[in-house]
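For reference, the chains in residue letters:
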Amino acid sequence: MAHRQVSAGCAALTVLGALVLAGLPAAAAVEPPAPAPAPSAAETLGANSPSAVVLRALQRDLSLTEAQARTRLVNEAEAGTRAGRLQNALGERFAGAWVSGATSADLTVASTDAADGAAIEAGGARAVVVKTPLADLRTAKTKLDRAVTGKALDTPVRYVDVRTNRVTVQATSRTAADKLIEAAGVDSALVDVKVSADQPRALYDIRGGDAFYIDDTARCSIGFGVTKGDQQGFATAGHCGKAGAKTTGFNQVAQGTFQASVFPGQDMSWVGVNSDWTATPAVKGDGEDVQTAGSVQALTGAAVCRSGSTTGWHCGTIEQHDTSVNYAEGTVDGVTRTTVCAEPGDSGGSYISGVQAQGVTSGGSGDCTSGGTTFYQPINPILSTYGLTLRTSAAESGTPAPEDGPEGAWAAGRVYEVGARVTHDGVSYECLQPHQAQAAWQPALAPGLWQRV
């Protein structure tokens, strides 16, 4: 929304062997200490130590106690790992996963085969049997997207709803939805229609959530601090500015230049800043900054908070990923739909789940007085498309930019999706949750993100 205003073991064993062979007493040949247990997903992702500002906002916006908010963040981190394992195991039969309940204690995984029920339950989730696999729903949605002509503001939103095992079309009338379904050649049994007068709009208007100005005529909000080689900058929404547009900061001091921008189609861009500005992992919260630790994508149903320069810090839940929405300027695909409110000027601002970056504000409807629906452009595609590295709070925040290496080898800085296979130290692993790899998240050290195969 722009507001129109101005990243020695062998030697030790050899020495120990030499000492034993040299005749040391048996007591010297003690058993080595047991290896430290692998960190849990919550520990890996920082969910077990949330900031006070995240906890306060979750309590306010989701009507939780502090204990419930803490438990919810841990449960969501652990659920993401379990869901990833089950998705990889089910393959084509997988039909989606989501969390529910005040503390996200319930993970549900859908499959098209009732025989998978025991395996799903053994994997720590409630099993649901549905008719249509997720891949088929995505195909149907793609057909609907391709059938959209012009601005199509009468059918502005389309998404796969894993909880109903349907594709949903939001339209201003049933007639408009039916025309689109017919034109797409999609089986109407796969589609739910939601009639609504809501008209999403791009929310125009280097700490996430801080204001910045574009060519002295529009205001947007910073998403997340990033680097590309030696160039520092930030990710934000594409509709905030075109490549080459100049920016000034919240203090009206010269800041940088849009390096690349896409809108519509997607809603992504990044700004390279001058030497007076430093990219940080901070996101502006309610009186306190939240430090970004990574970009692990949260599940449907998970809590998410947003920071923007107009309305500040608000929270809600993730409704659907991979949503298509029509703005007056055109269609944007692949955004995430949420219950978080926003207003003009919040565009480009940060969406974060716990301490994991999720995306940048694209648009929505409603406001923060009466409530609304918003959409964010996921951060991982921005990082991957532009070869950016997210600034994080971890000690390894100097994670290198993605580099070409042996094919299939794990590399810090690369963005990985569920099911991606890599090798590291001669061992093969399969990805469990979408994320940008960091130096400390090597597969053997991050079982919440990687499964040995």
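Here, every reference points to the structure presented above.
In short, a report on the structure. Keep in mind it's a predicted model, so treat the numbers as computed, not measured.

1. A short note on the overall build of the protein chain
Of regular secondary structure, the protein chain possesses eight helices and 28 strands. Surface summary for the protein chain: the accessible area is close to 18,500 Å², and the carbon and sulfur share equals 52%.

2. Quick look at the nonpolar core
Leu-58, Trp-313, Ile-382, Tyr-416 and Trp-450 are the most contacted members of the largest nonpolar core, which has 48 residues in total. With six residues, helix α3 (residues 52–62) is the single largest residue contributor to this core. Counting residues in hydrophobic clusters, the runner-up holds 44 residues, among them Ala-79, Val-130, Val-169 and Val-304.

3. A closer look at the packing of α3 against helix α4 (residues 66–90)
Contact geometry of α3 with α4 gives a least axis separation of 9 Å together with a crossing angle of 105 degrees. Regarding the angle of α3 to α4, the classification is roughly perpendicular. Every residue of α4 that contacts α3 at Val-54, Leu-55, Leu-58, Gln-59 and Leu-62 is listed here: Glu-66, Ala-69, Arg-70, Arg-72 and Leu-73. Grouping the constituent residues of the contact of α3 with α4 by class yields six nonpolar, one polar and three charged.

4. Here we look at the environment of Thr-389
Mapped onto the secondary structure, Thr-389 falls in strand β23 (residues 389–390). On the basis of relative accessibility, which here comes to 2%, the residue Thr-389 falls in the buried class. C-alpha of Thr-389 to C-alpha of Gly-413: the two residues are 24 residues apart in sequence and 6.1 Å apart in space.

5. Considerations on the state of the cysteines
Overall, the coordinates contain three disulfides when judged by the stated rule. Paired by a disulfide, Cys-341 and Cys-368 hold their sulfur atoms 2.1 Å apart. Torsion about the S-S bond of the Cys-341 and Cys-368 cystine: about 100 degrees, corresponding to right-handed handedness. With Cys-341 in the loop between β19 (330–338) and β20 (350–353) and Cys-368 in the loop between β21 (356–367) and β22 (371–378), the pair connects residues that are 27 residues apart, well separated along the chain. Given the relative accessible area of 10%, Cys-341 is considered buried. Sequence-ordered numbering of the bonded cysteines in the protein chain yields a pairing of 1-2, 3-4, 5-6.

The rules behind these values
Residues numbered from 1 in each chain as written. Predicted model: local features only at pLDDT ≥ 70, side-chain atom pairs only at ≥ 80, totals over all residues. Heavy atoms only, no water. Helix = DSSP H or I, 4+ residues; strand = E, 2+ residues; numbered from the N terminus. Areas by Shrake-Rupley, 256 points an atom, 1.4 Å probe, with all protein chains shown as cover. Core = buried A, V, L, I, M, F, W, Y, C linked by side-chain atoms within 4.5 Å. Buried < 20%, exposed > 50% of the residue type's maximum accessible area, 1.4 Å probe, protein only. Axes fitted to C-alpha atoms, helices over the stretch in contact; angles between N-to-C directions. Parallel < 35°, antiparallel > 145°, perpendicular 65-115°, else oblique. Contact = heavy atoms within 4.5 Å. Nonpolar A, V, L, I, M, F, W, Y, C, P; charged D, E, K, R; others polar. Disulfide = S-S within 2.5 Å.

In short, shape yes, function no, at least from these values alone.
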